[in-house]
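# Remarks on the overall topology
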Amino acid sequence: MNVLVLKPGREKSLKRRHPWIFSGAVEKAGGTPGETLEVRDSSGKVLAHAAYSPKSQIRARVWTFDPGEAIDAGFFRNRIEKALALRDALPAAKHTNALRLLNGESDGLPGLVVDRYADVLVAQFLAAGVERWRDTILDSLTEIAGCEAIFERSDAEVRKLEGLEPRVGFARGNRNAARCPIIEYGLNFRVDVEQGQKTGFFLDQRENRQRVRALAAGREVLDGFSYTGGFAISALAGGAKRVTAVESSAPALEVAKENLAANPLDASKVEFVQADVFARLRTLRDQNAKYDLIILDPPKFAPTAAQVKNAARAYKDINLLALKLLAPGGLLATFSCSGGVSAELFQSIVAGAAADAGAGAKILERFGAAADHPVALEFPEGEYLKGLLVLKR
Ligand code: SAH
C-alpha cells in the first residue's frame, strides 16, 4: 500500500478525527488519484487510511481511523447501510419520500452526496476517493436503497479543485427525471434533477418550510429567492392571506407554477414575480408596501471566508429592506447558507440591519439544516445553513 507521511507535529487534527489532511501537513505522499494510502505520523505510527487527492489542497480524506479496516466493497456497503438506517429512523421519513441519504464527510464517505427523490436517487461524486470507487458505490446504492434510477450531478464547482471533469447523466437506469414527483408533509413538488439547482431541491430547508407554514395563517407573505416555490407554497398551505414569490430564474419559476398547480390550494392567492430580489425590495419599499411575513433564503453569497466582506454587505442590504417592509408584529425568516459566514456573524449582520432600519426586533427561533443533513462533531465545516426568525415590534 502506498503511504502518506505527515510532517512532525501535524497529526493533531487527525487525532481529533478530522477527516481532511491539508497539503501543508504532508511530508511525502505518492499514488494515483483516489488511491487508498496508509497515513503515518513522523514516527511511523499508522493513524488512518485515506483517499489520495494529488491535485487538491485537501491532499487526502480519511476513510477510517482504524488501521485494521480494509477499504473495499464491504466498507462502502457498511457505511451506506448505516447512513440509510439513520434516515429510516428519522421522524421526517414518515412525512416525505425525499431525503438526503448521504451527507459526505458527516456520513463517513468524504465527497459523496446522495439525495433520494422518491424512486430516483441523485448522486454527486465530489472528491477523487469516491470518484475512484464510483461503480462500487453505485452498485451498493442500487441494491441497498432500492431505486429505479440514479442520476449523477457531478457538476459542482468543487470537482475542479480535485482535477475532476464534470459528469452529468444517468449512472444507473433511465427515465424522465426532469419532473420527479415528491411529497413533503402532504405537499406535492416536482423536482428537476437533470437541470435544477444543486441536486434539484433544497431538502435542507424541509423543516423550516414547515415552521413557516405553521406561522403563515392570515399573513401577507413575501418569499424572497423562492426557487421552485418551497416556502411560498408551504405558507399558502398554512393559510396565508396572499403570497408574493420573487425569483430571478425562469426555469425555477416554471417548476414553481407547476408545483402550485399540483396542490389543492387557491392558486389565485400567489403571485410569482421574475425579478432580482435586491431591486424588487427597493421598489416595494418605494411603493410603501407592507408584509406580515418575509422569507429571505438567498444563494450562498460567501462559499468561503474570502468572500465574507461582500457577502456581509449583501445580507445586510436585503435584511434591512425586509425589516422596513415588515408591518409591526411582522416576522422575518432569514437564512444564510454561506459556509464562510458563521451563525454569530449572521446574527450580528441582522442586528445591524435592524438598527439601521430603526426597527426594534427580537429573535424568536433559530434555524438549521434538517436532520437528514447531520454534521459530524469533528467536522464543523459540514455546518453551513443558519437562520433566524425575527419579530419586528
Ligand atoms: N427557498 C428555496 C431555495 C432558494 S435557493 C426553497 O426552499 O426551495 C436560492 C434561489 O435564489 C435560487 O433559486 C436562485 O435562482 C435565486 N436567486 C439568486 N440570486 C437572486 C437574485 N438576485 N434575485 C432573485 N433570485 C435570486
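Notes on the structure follow. (Residues numbered from 1 in each chain as written. Predicted model: local features only at pLDDT ≥ 70, side-chain atom pairs only at ≥ 80, totals over all residues. Heavy atoms only, no water.)

### Overview of the overall build of the chain
Defined as follows: Strands are runs of DSSP state E lasting at least two residues, helices are runs of H or I lasting at least four, and both sets are numbered from the N terminus onward. Our radius of gyration looks at C-alpha atoms and nothing else; its globule reference is 2.2 Å times the residue count to the power 0.38. Throughout, exposure labels follow a simple rule: accessible area from a 1.4 Å probe, protein chains only, divided by the maximum for the residue type, with under 20% read as buried, over 50% as exposed, and the rest as partly exposed.
A tally of regular secondary structure across the chain gives 11 helices and 20 strands. By the compact-globule yardstick of 21 Å for 393 residues, the chain fits well, its C-alpha radius of gyration being 22 Å. Projected onto its principal axes, the C-alpha positions of the chain cover 70 × 45 × 35 Å. Across the 393 residues that make up the chain, the buried fraction comes to 56%.

### Concerning the pattern of salt bridges
This is how the line gets drawn: Just to be clear on terms, a salt bridge is a Lys or Arg side-chain nitrogen sitting within 4 Å of an Asp or Glu carboxyl oxygen.
Scanning the model with the defined rule gives 29 salt bridges in all. Here E254 makes a salt bridge to R179, at a shortest N to O gap of 3.7 Å. A residue pair is termed long-range when its members are at least 10 positions apart, and E254 in helix α8 (residues 250–261) and R179 in the loop between β11 (167–172) and β12 (180–184) qualify at 75 residues.

### Things to note about the sheet that holds strand β5 (residues 46–52)
We count it as follows: By definition, two strands form a pair when at least two bridges between them are found by DSSP. A fitted line through C-alpha atoms represents every axis, and for helices the fit uses only the stretch in contact; the resulting angles, taken between N-to-C directions, go from 0 to 180 degrees.
Taken together, the 6 strands give an open sheet; going across it, the order is β2-β6-β5-β4-β1-β3, and neighbouring strands pair in mixed fashion. The open sheet terminates on both sides in strands that have one partner only, identified here as β2 (20–22) and β3 (26–29). Adjacent strand axes in the sheet meet at a mean angle of 35 degrees when their direction is disregarded. Note: strand β4 (residues 36–40) against β5, 5 bridges, orientation antiparallel. Its bridge partner lying in β5, L37 is registered against A50.

### Quick word on the packing of aromatic side chains
The way to describe two aromatic rings as a pair is by their centre distance and the angle between their planes. Here is the rule we go by: When two rings of Phe, Tyr or Trp (its six-membered ring) have centres within 6.5 Å they constitute a pair, described as stacked for plane angles under 30 degrees, edge-to-face for angles over 60, and tilted for the intermediate range.
In this structure the tally under the stated criterion is 15 aromatic pairs. The interplanar angle of 85 degrees and the centroid separation of 5.2 Å between the aromatic rings of W63 and F76 together place this pair among those described as edge-to-face. Note that W63 is positioned in strand β6 (residues 58–64) and F76 in helix α2 (residues 73–88), a separation of 13 residues in sequence. Accessibility assignment for this pair places W63 and F76 in one class, buried.

### A closer look at the packing of α2 against helix α4 (residues 134–145)
Test applied: The scheme is simple: roughly parallel for angles under 35 degrees, roughly antiparallel for over 145, roughly perpendicular for 65 to 115, oblique for anything else. Each crossing gets its hand from how the near helix is turned against the far one by less than a right angle, where anticlockwise is left-handed and clockwise is right-handed. Residues are treated as being in contact if the distance between any of their heavy atoms lies within 4.5 Å. Residues are sorted three ways: Asp, Glu, Lys and Arg are charged, Ala, Val, Leu, Ile, Met, Phe, Trp, Tyr, Cys and Pro are nonpolar, and all the rest, Gly among them, are polar.
Viewed as axis vectors pointing N to C, α2 and α4 meet at an angle of 40 degrees, and their least axial separation amounts to 10 Å. As the angle between them shows, α2 and α4 are arranged oblique. The chirality of how α2 crosses α4 is right-handed. Across the interface between the two elements, A73, F76, R77, I80, E81 and L84 from α2 touch T136, I137, S140, L141, E143, I144 and A145 from α4. Among the residues making up the contact of α2 with α4, the classes are represented as 8 nonpolar, 2 polar and 3 charged.

### What to know about the site of the ligand
What counts here: The criterion for a residue being near a molecule or strand is simple. One of its heavy atoms has to lie within 4 Å of it. We define a polar contact as two N or O atoms separated by no more than 3.5 Å, with the added condition that, inside protein, one atom must be a possible hydrogen donor and the other a possible acceptor, whereas residues neighbouring each other in sequence contribute only through side-chain atom pairs. Residue exposure ignores everything except the shown protein chains as possible cover, and the areas themselves are Shrake-Rupley values with a 1.4 Å probe.
Close to the ligand lie 16 residues, the nearest being R209, E247, D276, V277 and D297. Within the contact set of the ligand, an oxygen atom lies 2.9 Å away from a side-chain nitrogen or oxygen of Q197. Here V277 contributes a backbone N or O atom positioned 2.9 Å from a nitrogen atom of the ligand. Computed on the free molecule, the ligand has an accessible area of 590 Å², of which 90% lies beneath the protein chains in the complex. Its residues assigned to classes, the shell around the ligand shows 8 nonpolar, 4 polar and 4 charged.

### Some remarks on the environment of S140
Inspection of the secondary structure puts S140 in helix α4. Sequence-wise, S140 and K309 are 169 residues apart; in three dimensions their C-alpha atoms are separated by 43 Å. Those residues in contact with S140 that lie beyond four places of it in its chain are R77, I80 and A145.

### Considerations on unusual backbone geometry
Even without being glycine, K198 reaches a positive phi, approximately 50 degrees. Assignment of secondary structure puts K198 in the loop between β13 (187–191) and α6 (206–215). The phi dihedral of Y227 falls on the positive side, at around 50 degrees, and the residue is not glycine. Position of Y227 among the secondary structure elements: in the loop between β14 (220–224) and α7 (230–237).

### Structural notes on helix α10 (residues 308–325)
To keep things clear, this is the line we draw: Take the residue count of a helix, subtract one, and multiply by 1.5 Å to get its expected span.
An ideal rise of 1.5 Å per residue puts 26 Å on 18 residues; α10 measures up with 26 Å between its terminal C-alpha atoms. Of all 18 residues making up α10, 13 are buried, and the element is well covered by its neighbours.

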